[in-house]
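Summary of the model geometry
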Amino acid sequence: MAEATGHDIADSGLAPAGRAQIEWAAQRMPVLATVRERFSDERPFAGLAVGVCLHVTAETANLLRALAAGGAEVALCASNPLSTHDDVAASLVADFRIATFARRAESAGDYAAHVDAVLDRGPALTVDDGCDLVARLHRDRPAQASEVIGGTEDTTTGAVRLRALSASGGLAYPIVAVSGAATRLLADNRYGTGQSTLDGILRATNVLLAGARLVVAGYGNCGRGVAQRSRGMGASVIVTEVDPLRALEAALDGFAVMPMEAAAEVGEVFVMATGNRDVLRAEHFAVMRDGAILANAGHFNVEIDVASLAGLAGGRRRSVRPMVEEFEIGGGRRLLLLAEGRLVNLGAADGHPAQVMDISFAVQALACEWLVQHARQLPPAVHDVPVEIDEAVARLKLATMGLAIDELTPAQREYLASWLG
Ligand SMILES: NC(=O)c1ccc[n+]([C@@H]2O[C@H](COP(=O)([O-])OP(=O)(O)OC[C@H]3O[C@@H](n4cnc5c(N)ncnc54)[C@H](O)[C@@H]3O)[C@@H](O)[C@H]2O)c1
């Protein structure tokens, strides 16, 4: 099979293993497959260079296949040096002719060089995850930035950076914040994080959740998912919150609600999902039970104050299983920290299931198509995903699940549009 012209990957011999992973994911991504088929008929990106900075995974490979089927000339670099699957990178080059620049655990220098390699191909569209590609373009290659017609951003953190760039007046082209799409908040944050967080905890510890007191910090999209799934496994769930509305919602959903100070004394498993720092800290560790399990589902490794935990333990810490570190603190009590306090669903499990990424990446693909059609009329700002894309993806997903829904009758449509009643 012919190879893509430019690439920098770890080992091209891994391509067969990578292809198997990509095909495995593809079987679970029917919405994206539908989009890919339409793209290959309509070729919305014919001849367009698309620069992509995403986690190099089997699911991402299927997004790139859809863009390439639509005529895009795709170049890929990693959005995180640790999430690259070298086998997937090899298959992207060998089997799908995608110019791929990514090696697992690459140095900071190589990471930046790979971002540049993608930009060197002169993308007309950017697809970013965390804003590193766009930041490099705006900071170091401003003349090139003004030639890009549009972009998408995959994460909340990236959208926050972009809004800051936009507020400073420096954003050169319109970017759609895919992370805010309604379908995505539902599938990715609630159901993806809900399931994969428990998957990470169970793979790391094999603890029995039935009957366990499990504390979820934060009842946002992610925390709600973790709480619901934990209840489904028979855990007795306690929610901590700082927002009175979210706390009320948790209480009305039937969960125990209390401050962390009280939850720390009784919890057996703790899951952070706040996006905030120091949610578990020294005063909480001080009252926890022996054997308490501490896990983080939030984006950054700041939710559990690991430095304080280490300080309490002194040198009394040891690895007891893969991704489980035991800290012995006062009174001979041992606290078990999973995945170093980093995202437990990525550190100790496989992250979101392909079915979840099917929805997220279908939104991405359709947002790219929408940008090609509309970018020239849009101001250089951060834009929401159009509601029609959300609805289209939800309809496609329902169809692939074999589910049909009702249509409004003309009389109902008229009734809903009238103020006369
Ligand atoms: N693990 C994953 O794969 C994954 C996926 C999506 C998002 N995330 C991350 O998970 C985090 C939460 O995302 P979300 O979409 O649920 O956010 P969200 O804003 O919907 O919810 C966060 C909740 O935490 C609460 N909170 C803030 N500080 C708190 C504190 N000190 N104690 C208790 N509650 C507190 C807030 O009031 C809010 O209700 C973010 O860091 C996000 O980036 C992780």
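Everything discussed here concerns the structure shown above.
Calculation rules
Residues numbered from 1 in each chain as written. Predicted model: local features only at pLDDT ≥ 70, side-chain atom pairs only at ≥ 80, totals over all residues. Heavy atoms only, no water. Axes fitted to C-alpha atoms, helices over the stretch in contact; angles between N-to-C directions. Helix = DSSP H or I, 4+ residues; strand = E, 2+ residues; numbered from the N terminus. Parallel < 35°, antiparallel > 145°, perpendicular 65-115°, else oblique. Left-handed = near helix turned anticlockwise from the far one by under 90°. Contact = heavy atoms within 4.5 Å. Nonpolar A, V, L, I, M, F, W, Y, C, P; charged D, E, K, R; others polar. Salt bridge = Lys/Arg side-chain N within 4 Å of Asp/Glu carboxyl O. Buried < 20%, exposed > 50% of the residue type's maximum accessible area, 1.4 Å probe, protein only. Near = heavy atom within 4 Å. Polar contact = N/O pair within 3.5 Å; in protein donor to acceptor, adjacent residues only side chain to side chain. Areas by Shrake-Rupley, 256 points an atom, 1.4 Å probe, with all protein chains shown as cover. Pairing = 2+ DSSP bridges. Phe/Tyr/Trp six-rings, centres within 6.5 Å; stacked < 30°, edge-to-face > 60°. Lys NZ or Arg CZ within 6 Å of the ring centre and 35° of its normal. Expected span 1.5 Å × (residues − 1).

1. Let's talk about the packing of helix α2 (residues 30–42) against helix α3 (residues 58–69)
Direction vectors running N to C along α2 and α3 enclose 20°, while the axes themselves pass 7 Å from each other. By the angle between their directions, the pair α2 and α3 is classed as roughly parallel. The handedness of the crossing between α2 and α3 is left-handed. Counting all contacts with α2, which are made through L32, R36, F39 and S40, the residues of α3 involved are N62, L63, R65, A66 and A69. Grouping the amino acids of the contact of α2 with α3 by side-chain chemistry returns five nonpolar, two polar and two charged.

2. Regarding the pattern of salt bridges
Under the definition given, this model contains 23 salt bridges. The salt bridge involving R184 is made with D154; its shortest N-O contact spans 3.1 Å. Of the two residues, R184 sits in helix α9 (residues 182–205) while D154 sits in the loop between β5 (150–153) and α8 (156–167), which places them 30 residues apart along the sequence. Of the two residues examined, R184 and D154, each falls in the buried class. Taking the shortest distance from any N to any O, the salt bridge between D278 and R277 comes out at 3.1 Å. Look at R277 and you get exposed, because its relative accessible area is 57%. In this structure, a network of salt bridges that share partners links the residues D116, D120, R136, R139, D140 and R141.

3. Examining the site of the ligand
The environment of the ligand is made up of 23 residues, and the closest members are C222, E241, R246, A297 and N345. A distance of 2.5 Å separates an oxygen atom of the ligand from a polar side-chain atom of E241. Relative to its unbound accessible surface of 860 Å², the ligand loses 79% to contact with the protein. Elements represented by at least two residues in the shell around the ligand include exactly α9 and α10 (221–232). If one sorts the elements of the shell around the ligand by residue count, α9 sits on top with three residues. The class makeup of the residues in the shell around the ligand is six nonpolar, 13 polar and four charged.

4. A few points about the sheet that holds strand β1 (residues 49–54)
Overall, parallel pairing links the seven strands, which are arranged β3-β2-β1-β4-β5-β6-β15 in an open sheet. Looking at strand neighbours, the two that pair on one side only are β3 (99–101) and β15 (382–384), the edges of this open sheet. Neighbour-to-neighbour, the strand axes of this sheet turn through a mean angle of 20°, independent of strand direction. Where strand β4 (residues 125–128) lies against β5, four bridges are found, and the strand directions are parallel. Its bridge partner being in β5, V127 is matched across the sheet by T152. Sheet strands touched by α8: β5, β6 (175–177) and β15. Its angle to β15, the strand with the most contacts, is close to 130°.

5. Some remarks on unusual backbone geometry
Trans peptide bonds make up most of the peptide bonds, and negative phi angles are found at most residues other than glycine. One non-glycine residue, A339, adopts positive backbone phi at about 50°. Along the chain, A339 turns up in the loop between β14 (333–338) and α15 (344–347). Using a relative accessible area of 5% as the deciding quantity, one classes A339 as buried. Not every positive phi belongs to a glycine, and E340 is a case in point at roughly 60°.

6. Quick notes on the packing of aromatic side chains
For the coordinates displayed, the defined rule picks out two aromatic pairs. Both rings, one in F39 and one in F45, keep their centres 5.2 Å apart while their planes meet at 90°; by these two values the pair is edge-to-face. Residue classification places F39 among the buried positions, given a relative accessible area of 0%. For the ring pair Y219 and F255, a centre distance of 5.8 Å and an interplane angle of 65° mean the geometry is edge-to-face. Of this pair, Y219 sits in the loop between β7 (213–217) and α10 while F255 sits in the loop between α11 (244–252) and β9 (256–257), and the two are 36 residues apart along the sequence. Residues Y219 and F255 agree in their burial class; the two are buried. Over the ring of W24 we find R28; its NZ or CZ atom is 3.6 Å from the centre of that ring.

7. Observations regarding α3
Quick reminder: α-helices carry 3.6 residues per turn. Residues three or four places apart thus point the same way. An ideal rise of 1.5 Å per residue puts 16 Å on twelve residues; α3 measures up with 17 Å between its terminal C-alpha atoms. Burial runs high along α3: eleven of the twelve residues are buried. If you follow the buried residues of α3, they end up packed against α1 (15–27), α2, β1, β2 (73–78), α4 (86–96) and α16 (354–374). Looking at the residues trailing α3, positive phi occurs at G71, about 100°.

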